[in-house]
Amino acid sequence: MGTTLNDTPSADRTHIAFFGRMNSGKSSLMNALTGQQVSIVSEAGGTTTDLVKKPMEIHGIGPCVFIDTAGFDDDSELGESRIEKAKLAVWQADLAVIIFDAAKPVPEKFDLEKQWYDLLQKNNTPVIFAVSKTDLAAETGNLEKLTDKIRKEFQKEPLPVSAHTKEGLELLKQELVRAAQSNQEEQRFITGSLVKEGDTVLLVMPQDTQAPKGRLILPQVQTLRELLDKKCITICVTPEQMEQSLAALKQPPALIITDSQVFQTVYEKKPPQSRLTSFSVLFAVYKGDIGYFVKGALAIENLTQKDKVLIAECCTHAPLDEDIGRVKLPRLLRKKIGPGLTADIVSGADFPKDLSEYRLVIQCGACMFNRKYVMARVRAAKEQNIPMTNYGVAIAYLNGILNKIELQGM
């Protein structure tokens, strides 16, 4: 069955990633926890070649997604690309489990485990340590030795688990719940405190070539659902219907939310009493760092035709005639800066490690990514001193209305 309207989008699920050496039991453990054959299991190392994800519901955590990764000691011909995929899971993980194999001799050093533990700590990700294959430990006599060494090296108490006998699985689930609850941020809302119960909100949504036939895009669906949950009076129109809808209302709407690409048109038609924002700006606050994004937008003023800008989309879709990231945004930038400005486009999980050739990064609303991953990109830009903004904030600046729209969180 496909995704239903009741399914929680992956971006809003708690991401739990499993890391470890090749054939350490990551896939078996994930299969045991999910109760399904999600990942292929084999005695041959390197079976997991890409990130394997499985949506779950865990009582105490709620909607989550398990991520199985390739072994971080993979030295095969494709090992480097597999390990890069595993590093992508570091950026995405809200929680992590590092697995040690009790069926193998205790390694002299935990150098690789330390490297990955450091990466996760840098990303502020809670880490649980687990010793797998405890049912085979009697044959090696390694369990106590391995556990002691983990305690000394990491000052962490590892959980003994067995995917075969199910030993320790319930304790691991309980530890995941504990870690998730202690790591939870204060509940975040897409519309923040912009609206309250009873407010009238007008959603102005273009239905052009970019709008999927027969349905709404995810940010619109999620925003609409939140407004209904907040008991707002919500009206949905196209830009062509906006004036007619405003005329039919006794009072101007408290808030108007639109698509960034029609910011200027909607701004010119809105009543002075109505506040204005866009779905992309809302998601800039919900998923990212709005303060940094606004500063990044101001950096547009200093761009020259010799500069390069990186435009990062989360979706991977076929380019459309009036694609906002590939066509409209570069057009707006070149109109202001000049035709020589270079705009590179990346999509999906593609994102350069080295951003030094760019004077600005413009991130989409990131409805397909979790906040953890977006903030990892923000941190990468900050560490390299590269300004970063997002679609909605950049378009508002280029239209000269950045100081006239609602920037919740500023």
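Below is a summary of the structure that appears in this document.

**With respect to the overall build of the chain**
Regarding its fold elements, the chain presents 14 helices and 14 strands. Buried residues in the chain amount to 52% of all 410 residues. Sequence separation of at least 24 residues holds for 76% of the intrachain contacts in the chain that already meet a minimum separation of 6.

**Looking at the pairing of strand 1 (residues 14-20)**
It is a general feature of regular strands that their side chains alternate between the two faces of the sheet. For strand 1, the buried fraction is high: seven of the seven residues fall into the buried class. Summarising the sheet, strand 1 and strand 3 (residues 62-68) pair through five bridges and their orientation is parallel. Considered in strand 3, the bridge of I16 is made with F66. For strand 1 and strand 4 (residues 95-101), the ladder comprises five bridges, and the chain directions are parallel. If you follow I16 over to strand 4, its bridge partner there is L95.

**Remarks on the side chain of Q222**
Within the secondary structure, Q222 is located in helix 7 (residues 218-229). Excluding residues within four positions of it along the chain, Q222 makes contact with P9, D12, I190, F283 and C367.

**Remarks on the environment of K231**
With respect to the helices, strands and loops of the structure, K231 is situated in the loop between helix 7 and strand 8 (233-237). Look at K231 and you get exposed, because its relative accessible area is 53%. Along the sequence, K231 and K196 sit 35 residues apart, while their C-alpha atoms lie 7.8 Å from each other. Ignoring anything within four residues of it in the chain, the contact list for K231 reads E197 and G198.

**A word on the sheet that holds strand 6 (residues 159-160)**
Taking strand neighbours across the sheet as the criterion, the six strands line up as 2-3-1-4-5-6 in an open arrangement whose pairing is mixed. Either end of the sheet is taken by a strand with one partner, and the two such strands are strand 2 (52-58) and strand 6. Here strand 5 (residues 127-132) runs beside strand 6; their pairing, made up of two bridges, is parallel. Within the sheet, the bridge partner assigned to V131 lies in strand 6 and is P160.

Cut-off values and rules
Note that residues are indexed from 1 along each chain, following the sequence as it is written. Note on the predicted model: pLDDT of at least 70 is required for a residue's local features to be given, and 80 or more for side-chain atom pairs to be given and counted; whole-chain, interface and lining totals, by contrast, use all residues. Values reported for side chains reflect all heavy atoms of the structure, with hydrogen atoms and water molecules removed beforehand. The numbering of helices and of strands both runs from the N terminus, where a helix is a DSSP run of H or I of at least 4 residues and a strand a run of E of at least 2. Per-residue accessibility, obtained with a 1.4 Å probe over protein chains only, is compared with the maximum for each type, and a residue is labelled buried under 20%, exposed over 50%, and partly exposed between these values. Only heavy atoms enter the contact rule, under which two residues are in contact if any of them lie within 4.5 Å. Note on pairing: two strands pair once DSSP finds at least 2 bridges between them.

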